[in-house]
Every structure is written in structure tokens, then in C-alpha cells.
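Observations on the three-dimensional arrangement
Residues per chain, in single letters:
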Number of protein chains: 2
Amino acid sequence: MPNIITLSHGSGGKMTSDLIRSTFAHFFYNPALNVFGDSAILNAGSSRLAFTTDSYVIDPIFFPGGNIGKLAICGTINDLAVAGAIPHYISAAFIIEEGFPLDQLKQIAKSMAETASQAGVLIVTGDTKVVKHGQCDKIFINTSGIGFLANKNEHISSGMKICIGDQILLNGFVGDHEICILAARENLQFEKPFESDVAPLNTMIKALLDADIEVKFMRDITRGGLATICAELTENKAFGIAIEEQLLPVREETKGICELYGFDPLYLANEGKIVAVISRETAGKAIEIMKKFSTGKDAVIIGEITDTYPGKSVMKTITGGLRIIDRLSGMQLPRIC
Amino acid sequence: MPNIITLSHGSGGKMTSDLIRSTFAHFFYNPALNVFGDSAILNAGSSRLAFTTDSYVIDPIFFPGGNIGKLAICGTINDLAVAGAIPHYISAAFIIEEGFPLDQLKQIAKSMAETASQAGVLIVTGDTKVVKHGQCDKIFINTSGIGFLANKNEHISSGMKICIGDQILLNGFVGDHEICILAARENLQFEKPFESDVAPLNTMIKALLDADIEVKFMRDITRGGLATICAELTENKAFGIAIEEQLLPVREETKGICELYGFDPLYLANEGKIVAVISRETAGKAIEIMKKFSTGKDAVIIGEITDTYPGKSVMKTITGGLRIIDRLSGMQLPRIC
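Residues numbered from 1 in each chain as written. Chains lettered and ligands numbered in written order. Predicted model: local features only at pLDDT ≥ 70, side-chain atom pairs only at ≥ 80, totals over all residues. Heavy atoms only, no water.

**As for the interface of chain A and chain B**
Many descriptions give the size of an interface as the accessible area lost when the pieces come together. Rule in force here: In what follows, a contact means two residues having at least one pair of non-hydrogen atoms within 4.5 Å. Once two parts are brought into contact, the accessible area they lose, counted with a 1.4 Å probe and summed over both, makes up the buried area. Salt bridge criterion: a side-chain nitrogen from Lys or Arg within 4 Å of a carboxyl oxygen from Asp or Glu. For helices the rule is a DSSP run of H or I covering at least 4 residues; for strands it is a run of E covering at least 2, with both sets numbered from the N terminus onward. The classification used treats Ala, Val, Leu, Ile, Met, Phe, Trp, Tyr, Cys and Pro as nonpolar, Asp, Glu, Lys and Arg as charged, and all other residues, Gly among them, as polar.
Taken together, the 80 residues of chain A in the interface contact 80 residues of chain B. Contact with chain B buries area across many residues of chain A, yet Ile 5, Phe 28 and Phe 51 of chain A alone supply 10% of it, more than any other trio. The tally of links between chain A and chain B comes to 4 salt bridges. Only α1 (14-28), β1 (40-44), β2 (47-56), β5 (85-97), α3 (102-119), β6 (122-131) and β7 (139-149) of chain A provide two or more residues apiece to the side of chain A that touches chain B. With 10 residues, the top contributor of residues to the side of chain A that touches chain B is β6 of chain A. Per-class residue counts for the side of chain A that touches chain B are 43 nonpolar, 25 polar and 12 charged.

**Some points on the domain arrangement of chain A**
All names here are of chain A. Condition: These domain boundaries are the output of an automatic or database domain assignment. Residues adjacent in sequence count toward polar contacts only when both atoms are side-chain atoms; beyond that, a polar contact is any pair of N or O atoms within 3.5 Å, and within protein one must be able to donate a hydrogen and the other to accept it.
Domain boundaries assigned for chain A yield domain 1 (37-153) and domain 2 (167-325). Computed from C-alpha atoms alone, the centre-to-centre distance between domain 1 and domain 2 is 23 Å. In total, about 1,900 Å² of surface goes out of reach between domain 1 and domain 2, with carbon and sulfur atoms giving 63% of it. On the domain 1 side of the interface with domain 2, the three residues burying the most area are Pro 64, Asn 78 and Val 82, jointly 26% of the side's total. Between the two partners, domain 1 and domain 2, sit 0 salt bridges. For the pair domain 1 and domain 2, the number of links is 6 residue pairs in polar contact (both at pLDDT 80 or more). Contributions of two or more residues to the side of domain 1 that touches domain 2 are made by α2 (68-81), β5 and α3. Ranked by residues supplied to the side of domain 1 that touches domain 2, first place goes to α2 with 8 residues. Class assignment for the residues of the side of domain 1 that touches domain 2 results in 12 nonpolar, 9 polar and 5 charged.

**Digging into the pattern of salt bridges**
Keep this limit in mind: Per-residue accessibility, obtained with a 1.4 Å probe over protein chains only, is compared with the maximum for each type, and a residue is labelled buried under 20%, exposed over 50%, and partly exposed between these values.
Tallied over the full model, the rule gives 44 salt bridges over all chains. Between Glu 154 of chain B and Arg 48 of chain B there is a salt bridge, and its shortest N-O distance comes to 2.7 Å. Of this pair, Glu 154 of chain B sits in the loop between β7 (139-149) and β8 (167-170) while Arg 48 of chain B sits in strand β2 (residues 47-56); the two residues are 106 residues apart in sequence, bridging distant segments of the chain. The class of Glu 154 of chain B is partly exposed, set by a relative accessible area of 27%. Residues Glu 304 of chain B and Arg 280 of chain B are paired through a salt bridge, measuring 3.0 Å at the closest nitrogen-oxygen approach. Taken together, the residues span a long stretch of sequence, with Glu 304 of chain B in strand β12 (residues 300-306) and Arg 280 of chain B in helix α8 (residues 280-291) at a distance of 24 residues. Each of the salt bridges in this network shares a partner with another, and the network as a whole consists of Arg 21, Arg 219, Glu 232, Glu 235 and Arg 327 of chain A.

**As for the sheet that holds strand β6 (residues 122-131) of chain B**
Residues and elements named next belong to chain B. Heads up, the condition is: Whether two strands pair depends on DSSP finding at least two bridges between them. The axes are straight lines fitted to the C-alpha atoms, using for helices just the contacting stretch, and the angles between their N-to-C directions are given from 0 to 180°.
Pairing is mixed across the open sheet formed by 5 strands, whose spatial order is β1-β2-β7-β5-β6. Of all strands in the sheet, those bounded by a partner on one side alone are β1 (40-44) and β6. Neighbouring strand axes in the sheet, compared pairwise and without regard to direction, differ in orientation by 20° on average. Where strand β5 (residues 85-97) and β7 come together, 11 bridges link them in antiparallel fashion. Paired with Ile 95 across the two strands is Phe 140, which belongs to β7. Here helix α3 (residues 102-119) sits on the sheet and contacts β5, β6 and β7; the angle it forms with β7, its principal contact strand, is near 15°.

**Observations regarding helix α4 (residues 176-186) of chain A**
Residues and elements named next belong to chain A. Of all 11 residues in α4, 8 are buried; the element is thus mostly enclosed. Along α4, the residues that are buried comprise Asp 176, His 177, Glu 178, Ile 179, Cys 180, Ile 181, Leu 182 and Ala 183. Each element contacted by the buried residues of α4 is listed here: β3 (62-63), α2 and α7 (252-261). Where α4 terminates, the next one or two residues include Asn 187, which has phi positive at roughly 55°.

**Focus: the environment of Asp 79 of chain B**
Residues and elements named next belong to chain B. Along the chain, the position of Asp 79 falls in helix α2 (residues 68-81). On the basis of relative accessibility, which here comes to 5%, the residue Asp 79 falls in the buried class. Considered as a pair, Asp 79 and Ala 283 are 204 residues apart in the sequence and their alpha carbons are 22 Å apart. The residues contacting Asp 79, other than those within four sequence positions of it, are Asp 38, Ser 39, Thr 52, Asp 54 and Asp 220.

**Quick look at the sheet that holds strand β10 (residues 240-244) of chain B**
Residue and element names in this part refer to chain B. The strand order across the open sheet built from 7 strands is β9-β11-β8-β12-β10-β13-β14, with neighbouring strands paired in mixed fashion. A single partner strand is all that each edge strand has here, and the edge strands are β9 (215-220) and β14 (322-324). Each adjacent strand pair in this sheet contributes to an overall mean axis angle of 25°, direction not counted. Two strands pair when backbone bridges link them, and strand β13 (residues 313-316) and β14 are joined in this way by 3 bridges, in the antiparallel orientation. Within β14, the residue paired with Met 315 across the bridge is Arg 323. α8 rests against β8, β11 (274-278) and β12 of the sheet, and its axis sits at about 10° to β8.

**Details of the state of the cysteines**
Residues and elements named next belong to chain A. Threshold: Disulfides are defined as pairs of cysteine sulfur atoms found within 2.5 Å of each other.
A complete count under the given rule lists 0 disulfides over all chains for this structure. The thiol of Cys 230 is not disulfide-bonded; the next cysteine sulfur, from Cys 258, is found 16 Å away. The exposure class assigned to Cys 230 is buried, which follows from its relative accessible area of 2%.

**Topic: the packing of aromatic side chains**
Applied cut-off: When the centres of two rings from Phe, Tyr and Trp lie within 6.5 Å, Trp using its six-membered ring, the rings pair. Their planes under 30 degrees apart give stacked, over 60 give edge-to-face, and anything left gives tilted. Whether a charge sits over a ring depends on NZ of Lys or CZ of Arg being within 6 Å of the ring centre and within 35 degrees of the ring normal.
All told, the structure shown has 12 aromatic pairs over all chains when counted by the stated rule. Their ring planes at 45° and their centres at 6.0 Å tell us that Tyr 261 of chain B and Phe 263 of chain B sit as a pair that is tilted. Among the residues examined, Tyr 261 of chain B registers a relative accessible area of 29% and is labelled partly exposed. Taken together, Phe 24 and Phe 28 of chain A together with Phe 94 of chain B form an aromatic cluster joined through their ring pairs. Sitting above the plane of the Tyr 56 of chain B ring, Lys 129 of chain A keeps its charged end 5.5 Å from the centroid.

**A look at the side chain of Arg 327 of chain A**
All names here are of chain A. Mapped onto the elements of the fold, Arg 327 is located in the segment after β14 (322-324). Assessed through its relative accessible area of 10%, Arg 327 is described here as buried. A polar contact of 3.4 Å, which involves the side chain of Arg 327, links it to the side chain of Ser 17. A distance of 3.4 Å separates a polar atom in the side chain of Arg 327 from a polar atom in the side chain of Glu 235. Not counting chain neighbours up to four residues away, the residues in contact with Arg 327 comprise Gly 13, Lys 14, Ser 17, Arg 21, Thr 228, Ala 231, Glu 232, Glu 235 and Tyr 267.

**Section: the relation of the copies chain A and chain B**
The condition is simple: Copy-to-copy alignment: least squares on C-alpha atoms, limited to residues at pLDDT 70 or above in both.
Screw-axis analysis of chain A against chain B gives a translation of 0.0 Å along the axis, an RMSD of 0.0 Å, and a rotation angle of 180°. The superposition operator between the copies reduces to a two-fold rotation axis. Every residue of chain A has its C-alpha some distance from the rotation axis, and the shortest such distance is that of Cys 136 of chain A, at 2.0 Å. Of all interface residues in chain A, 100% are interface residues in chain B too; the two copies therefore contact each other through one and the same surface.

If you want it as C-alpha cells, here you go:
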């Protein structure tokens, strides 16, 4: 590992997990520490809590489909929801650069309030810091969140109940967020408007859990992309993941941009996409339920848990080949979230 | 209000509360929102939770007595403890500038772990973002925290049980943190080493609560200083606060620096000091208990709740005058925490 922090340490891929292992997990170790999941699962009297935190440093702060504030609220809601929890309370902490326009701050706060209200969560506490011009880039937001967890959903964040034959589900096209941010930065034009997928997914996820779908694992696909989640999930396990490339929903525009920039759709960041591992018996019903929501209307099964490639994630390519899926190494696009 | 964010918006004083009122409280309003207190008090099944968040942007990141990591852990612990809660779980989110030395990051993480362990809290979840060189100043840390609250302590953060005659207690000298940071920035030398007071206060506070001291209100004295807390506490109330200047513990070094820089000890930031409002009957015993702890060895009564100045906080000066204590307006020292 280099002796300075590089952008790759923030990629959400291999360098990030190496840094977390060697530094944060090393010093902070305790049985409740959740190193790689989205939320820590904690005791609170007779209740079980999910607790999560994320800082948002996205550039640009306003983009088609959202802004840094909406992103922060959605990200925290989704981290709680994919742990099987019902998101309830959110904190919002702002680091603002001196000279930042007040009307933009109001626009961001308004959009946070609207997103929270839409998702049924309360912003309950906050913090405001201001740093001198040039000491941060416009505005950074941290949101932390608390959700409540039914006992029957406690296994979801660890994936400990995953079995051979379970199906791998996606709720729609991969990469909308990353392509949107890239396009905004590079001033790329599309024929049809291309928006970030940023959205709260808690309502769709609650519908799955309430319908007694056998959800074995969920994770929201942000930095590091689908590939990094699959690689982390199968590492040192007796099972593997096999994904079919032809089933993976990738928009034509996304394919085009990926070819142009040398990006791989498997590693693209999303802000309204989850991967779910669901029992073969209930996977079809899960797709039906997801399709009832705007956030899940393009939901598909993309592969399954297999014993053919234990400890590995592989993709069966359209041309009939087999490709090992590894964590993101290096960096695709910095400051994506 | 100006149409851009200024450093004074981050002072913790009047401009900060105006910004919070007009922007965050305006949009985020809900009954659980805690606008000016240290923690929101929330329902969690049969339990009551305290939930708090703070971002730390201090400059310099290493200073006599601590560093940004220790500061973050102590700040969050203290925000929970002064709400009458027992701090349990902490999240840690890092925004790091590209090129930041890894050994400094490890030193910060180690010190966070040590402080958490000393205070009996667990760091359970985290986040790591890296931004390009020049897009943040070295490292910013957000810590959010969850504590549990006994029913009998629910009134503490609101101060709703404050009565005429209650005593105002301080656990030691004001200003150690701000003077230490100022000295570090300006390369000031003292005869005796001068350290920040940064420390977790939860053990001392728990001893007060366990001893059935009638604690009516507590707040940790950070940005904005003692003055801002007193002014906020008495605003629109039927009671006032009267503080005796001669009882206020101010070190000689602090007095000297304040004269030199035109600072007022009442507005100095601290990171290991609380103001507590305690019934006249139990205030003496509270001082005895506080003095048993290194964090409370210089504890004193500095004044009382009075009906003579309703809605106001005043200081009886050493020269016999009477001075109205108002919120900090403008900025003493940016990036103090």
C-alpha cells in the first residue's frame, strides 16, 4: 500500500477495502463493527437497530435527476433498507465553503426535506460548519441514519442464509447515476434526457419483505458497482455467483459511453439500484412486486448462486466466454457520490 | 441575511442560529427535530434514544492534548451525555484529501479507537471518501452517535424543569481548547504547557445522574461559548441567568491571550466543559462528585437561575457592573472544531 492516500482509496473497490481493513477495521475492531456492509446491526433494548453513515462529496452538486442533498437522503435510506430495516431517523451535517450561495443551500435543504417526506423518514438533528474559501469544494454533506429491524430480517446484511440455487435480482438498468454525472462533467448530450437513478428504495424493499419473499441478501450498488458487491459476497465462500451478460440491463447510451471512456458497466455507480439474492421459489414473485414500483419497473433476474465456481463471481459473456468478476481496482470516476 | 454563506454562519453564534432557523429548521421541520440542542430524543420501541451528529474541520488537525479524531469521538460522546443519555454507538465518516499521509490517518484512527474504548463506546460503522488535492483541507471527520436515555432524564436537553434558584455549574476553566488552537496556529509559547481540554465527559456525567443529583439542564460548551448557551437558554423564558464574573474560572494565560486578541472568555470554545443547571439542594453534592474526576476537578458554581432578569442572561462584573450576555455575533476563530 502506498504511504499516502490516493483517489483510488475512495473508489469503493479494492483499494478502499484494503484501507478499511488495514486502518479502520484494525483499530476500531469490535463485534458490532460492520466493516463492509451498508449498516451496522445493533441492540437497543428489546429492539434491533440498523445504523449507517455516509459523506457526500459529489461534483457537480446539481445534476439531472437530483442534487447532493437528495443523493445524501436517498443514500442513507437505501443503506438502511437493504439491511432489511425500516428507515426512521436521519441526521444531516453540512460542511460549507465560505461564499457558497444561500439560495443553493436552500434549494438543497428543500430537496432533502421533500425526499425525506416522500420516503417517510424524519431529519431529526444536524450540524453546520463553514470553512474558508478553497478549503472545501462548495459543499459536503454527511447523513447518518437509524432504522428498525424485524428479527426475521437480521440475516439480510450478512447474507448468511444464501443457498445454492438462489437467484440474483437487479431492479433495473445499471450505471444511470455514473453516466449522468460523467455527462454533466463532460457536457455530453444525449438524444433523450439522461437522468441519475437517485431514488429512495425503501418502499419497494418493504413491499418485498412484507410479502414474505425469501430475501437472503441485499446491497445497494453504488461506488465499486455490481462487480465489487459480487466479488465481496463470494470471497472465501463455498458458493459462487454466475451472472449472464445477456440478462444484465445496460442502456444503449451507457454501452456507448462505456466504449468511449473505457468503462465497464459492471463497475458503474448507481444511486437507485440494488442487487438482491432471493430464493428460487420466490424470485418470480419478487420480480412481479418490484415491477409495480417506478424504481423497479425494469427488474430482472441476472444470474444465480452456484456451486460450480466456489468463492468466485463469474459472468457468462454474450459470446459464450467466462469472465471472472473482481473488485474494482483503481478508479473510474472520482467524487461520484 | 447576506445571500452567501460567510464564516460567521459557522461560528456557533447568532449567524449560525439564524441560518439554522431560516434554512434547515424551516425545511426540515418535524416534531422530533432538535434544532439547537446537542441530541435529538427519539422513540425506539420501548426505549428512548439520543441521536447526534457533528462534522469536524479543525485546523491544525494535531494539537497539544489531541487531534481531530479524538476531538470527533469526544464531541459526539459529550453531545449524547449532556442530553442525559448513555453513549453507546458511534459512526465515523472520513473525507480525506488526496496525498494525505497514511501514517497520520492511522494515528488519528488509533486515537479515535483509544478514546472510544476509554469512554466505553463502540465505533460500529463508517465511510471513506477521497477528494482531489485542493478540494478539502487535509481531513474532515463526521461522527454521529446513538445513546440510550432513562425516562427520568428526558427533560435535561430541553431544560423544561428549570426553576428559580437553580444553580449554574461549570466543571472547570473556560477556553482551554480555543486558546490551545489559537496558540498552535500562531506559534505562541507558554511557560507551562497549555493543552486542549478535549475529553469524554460521559463518566463524570453518569456519576451525577446515578447519584440522583437534580440535573435540570446540561450543554457542552463548544463553538459560541458559555455566553451563547446562556443566551439561548433564557431567550423568551420567564427566568433569567445571573453569573458572577469573579466565580468564573479563567486561567491567567487565557486572560492574557484574550486581552491581546480582543477575545472574550465567555465566547471561547471548549471541548471538555459543560454548563449544568442543578437544583440548589443538590448543587453542592454535584460539585463534590464532579471534583472526583480529572475532568471536573475545578468544578464550581458560577451563578444561578433568577427571576430578576426574565428572558436575559447577565454577568455581575468584578467591578460591580451588570453586563447583558448575548449570543456570539461574528466570529472569534474559524475551524475551532
